[in-house]
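Survey of secondary and tertiary structure
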Amino acid sequence: MPLDTSTYSLALLRLDGRRWNELRRLTAQMRTQASADGSAYLEMGNTKVICTVSGPSEGGAVRPGGGEEAVVGVDISIAGFSGVERKRRARNDKRVAEMQNTIATAFEGVIFTKLYPRSLITLSLHVLAQDGSLLAACINACTLALIDAGVPMKDYIAACTAGSTSSYSSNEEAADPLLDLNAAEEQELPFLTVATVGESDFVSVLVLETRVQVGRLEGMLAVGVDGCKQVRAILDGVVRTRGGKILEGSTV
Amino acid sequence: MAQTISVAVPGQLLGAASEYLPGPGTHIHDSKLFASILGPIKTTSPPKPAGPQKRLTKITPAAPAVLPTVSIERDISVGSGLDGSGKSKAEILPEVNSTVLCRVTRIQPRQASVAILVVGETVLDGEWQGLIRVQDVRATEKDKVKIFESFRPGDIVRAVVISLGDQSNYYLSTASNNLGVIMATSEAGNSMYPVSWKEYRDPETGASESRKVAKPF
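What counts as what
- Residues numbered from 1 in each chain as written.
- Chains lettered and ligands numbered in written order.
- Predicted model: local features only at pLDDT ≥ 70, side-chain atom pairs only at ≥ 80, totals over all residues.
- Heavy atoms only, no water.
- Pairing = 2+ DSSP bridges.
- Helix = DSSP H or I, 4+ residues; strand = E, 2+ residues; numbered from the N terminus.
- Axes fitted to C-alpha atoms, helices over the stretch in contact; angles between N-to-C directions.
- UniProt positions renumbered as here; feature names shortened; annotations may be inferred.
- Parallel < 35°, antiparallel > 145°, perpendicular 65-115°, else oblique.
- Left-handed = near helix turned anticlockwise from the far one by under 90°.
- Contact = heavy atoms within 4.5 Å.
- Nonpolar A, V, L, I, M, F, W, Y, C, P; charged D, E, K, R; others polar.
- Buried area = accessible area lost by both parts, 1.4 Å probe.
- Polar contact = N/O pair within 3.5 Å; in protein donor to acceptor, adjacent residues only side chain to side chain.

Residue and element names in this part refer to chain B. Across the sheet, 3 strands lie side by side as β14-β15-β16; this open sheet has antiparallel pairing. The sheet is open, and its two edges are formed by β14 (193-196) and β16 (208-210), each paired on a single side. Neighbour-to-neighbour, the strand axes of the sheet open up by a mean angle of 35°, direction not taken into account. Of the strand pairs in this sheet, β14 and strand β15 (residues 199-201) are connected by 3 bridges, and their pairing is antiparallel. Bridging across to β15, Pro194 finds its partner in Tyr200.

In structure tokens:
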């Protein structure tokens with residue numbers, strides 16, 4: 001348990017040398033695949049995700065009866081080589097299914113689905129490398145790809161994770177909230193994934209899968225929401241770069 | 001608002017709803033106007049002489065017309081095509097009845113897949129996928145057509161679009177004398193010349209291969 005040993009409390013530096021409130025390097029590109037309606041490639045530290053959007057297209061029999069609004073479908077495929085050890089994933093992994101559902105619900109909230117009745121917007125995510133904050137990286141990549149596809153949205157959804165040092169209750173006072181956990185930290189610390197809409201504090205996704213003392217939750221959430229705003233600023237820069245290219249007349 | 005911000009991103013404030021009318025690509029939230037897609041901002045003022053001078057006999061509510069409309073242009077679908085002279089990059093798409101040049105990418109017993117390269121006189125930026133079904137290869141004796149005797153991968157084909165097809169393919173036809181293969185390479189790799197309506201010949205080996213040949217002009 002490297003984080004519970006003395007290193008963090010001595011220097012207040014994490015395993016990869018960051019301080020508690022530092023994000024990892026976040027880079028992204030839009031329109032990476034010209035053949036898709038919209039696409040984006042995003043790296044959060046060593047987590048690498050490709051997202052492609054197809055649609056709005058004819059809905060088919062995805063959700064019969066609804067019809068008045070577009071349906072957002074999410075399909076996540078995690079490459080076998082993405083993790084530390086090669087894994088053969090079951091066809092219907094419950095964790096992946098929950099991530100798909102989370103992302104779909106979040107984006108149905110910001111996309112103007114009423115403009116596209118009886119149609120389907122498919123977000124297809126390919127995880128190339130995993131190093132923590134997978135759900136957050138997927139959400140950020142989806143935001144960029146949807147903007148690239150020109151799907152009307154209220155605002156960005158920006159996501160990141162927040163954790164808390166020391167998973168046991170004895171050193172409650174020494175517990176520090178941490179921003180943007182990597183895989184090693186996710187293994188042993190309680191963490192949550194939070195996503196906010198635009199610059200507001202409106203939380204659209206909040207996923208907490210580990211046990212954590214309720215007293216630490218508020219601090220984690222505050223740090224997470226703050227991190228989302230930093231992420232949003234970075235995404236905004238990426239989108240504006242892309243917008244500048246549109247003005248120059250490039251189509252690809 | 002002296003400063004003009006040229007590009008809007010989703011969620012960007014564009015102004016109060018009392019000052020502008022929402023155009024395409026915008027939405028109203030809390031009686032403010034926001035962008036909902038990425039693209040250049042376009043503000044269109046209503047044409048001033050249009051209203052009252054022409055329609056003196058009608059009583060129309062004049063108030064909303066004086067507001068300028070703010071819209072966000074979507075570059076690929078609508079945008080640049082409007083100001084034709086300046087930007088020649090306006091996307092041209094194959095339409096029904098347009099003549100296209102395409103390269104055969106794959107042949108199957110019932111259809112040939114092609115990549116559309118040229119529409120009319122315009123060379124496309126990208127490629128569009130098309131399909132020539134066996135019944136669309138020629139107009140007569142349709143049931144005797146064999147795809148592999150009509151096309152080979154790599155051939156350049158002149159065809160006409162008969163349908164926009166399904167989501168991924170345009171449906172093309174070569175059922176006319178002037179449509180069909182216009183450039184072909186032999187199995188030996190030499191470019192061939194047409195000798196009849198269904199035959200190409202290799203100038204070096206002298207071997208002939210069957211194709212659906214387009215009538216030369």
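That shown, we press on.
Residues annotated by UniProt as "domain: S1 motif" (unreviewed entry) correspond here to residues 95-175 of chain B. Structurally, residues 95-175 of chain B is divided into 0% helix and 52% strand, and its ends, taken at the C-alpha atoms, are 17 Å apart.

Quick look at the packing of helix α2 (residues 94-110) of chain A against helix α3 (residues 134-149) of chain A now. All names here are of chain A. Here α2 crosses α3 at 40°, and the two axes come no closer than 11 Å. On the basis of their axis angle, the class for α2 and α3 is oblique. As for how α2 packs across α3, the hand of that crossing is right-handed. Contacts between α2 and α3 involve Met99, Thr102, Ile103 and Phe107 from the first element and Leu134, Leu135, Cys138, Ile139, Cys142, Thr143 and Leu146 from the second. Broken down by class, the residue content of the contact of α2 with α3 amounts to 9 nonpolar, 2 polar and no charged.

Attention now goes to the interface of chain B and chain A. It is common to give the size of an interface as the accessible area that goes away when the parts come together. Listed as interface residues are 18 residues of chain B and, on the opposing side, 25 residues of chain A. For the pair chain B and chain A, the two sides together bury roughly 1,700 Å², of which 61% comes from carbon and sulfur. Ranking the residues of chain B by area buried against chain A places Pro10(B), Leu38(B) and Arg74(B) at the top, with a combined share of 29%. Linking chain B with chain A are 3 residue pairs in polar contact (both at pLDDT 80 or more), by the criterion used here. In the side of chain B that touches chain A, the residues fall into 8 nonpolar, 6 polar and 4 charged.

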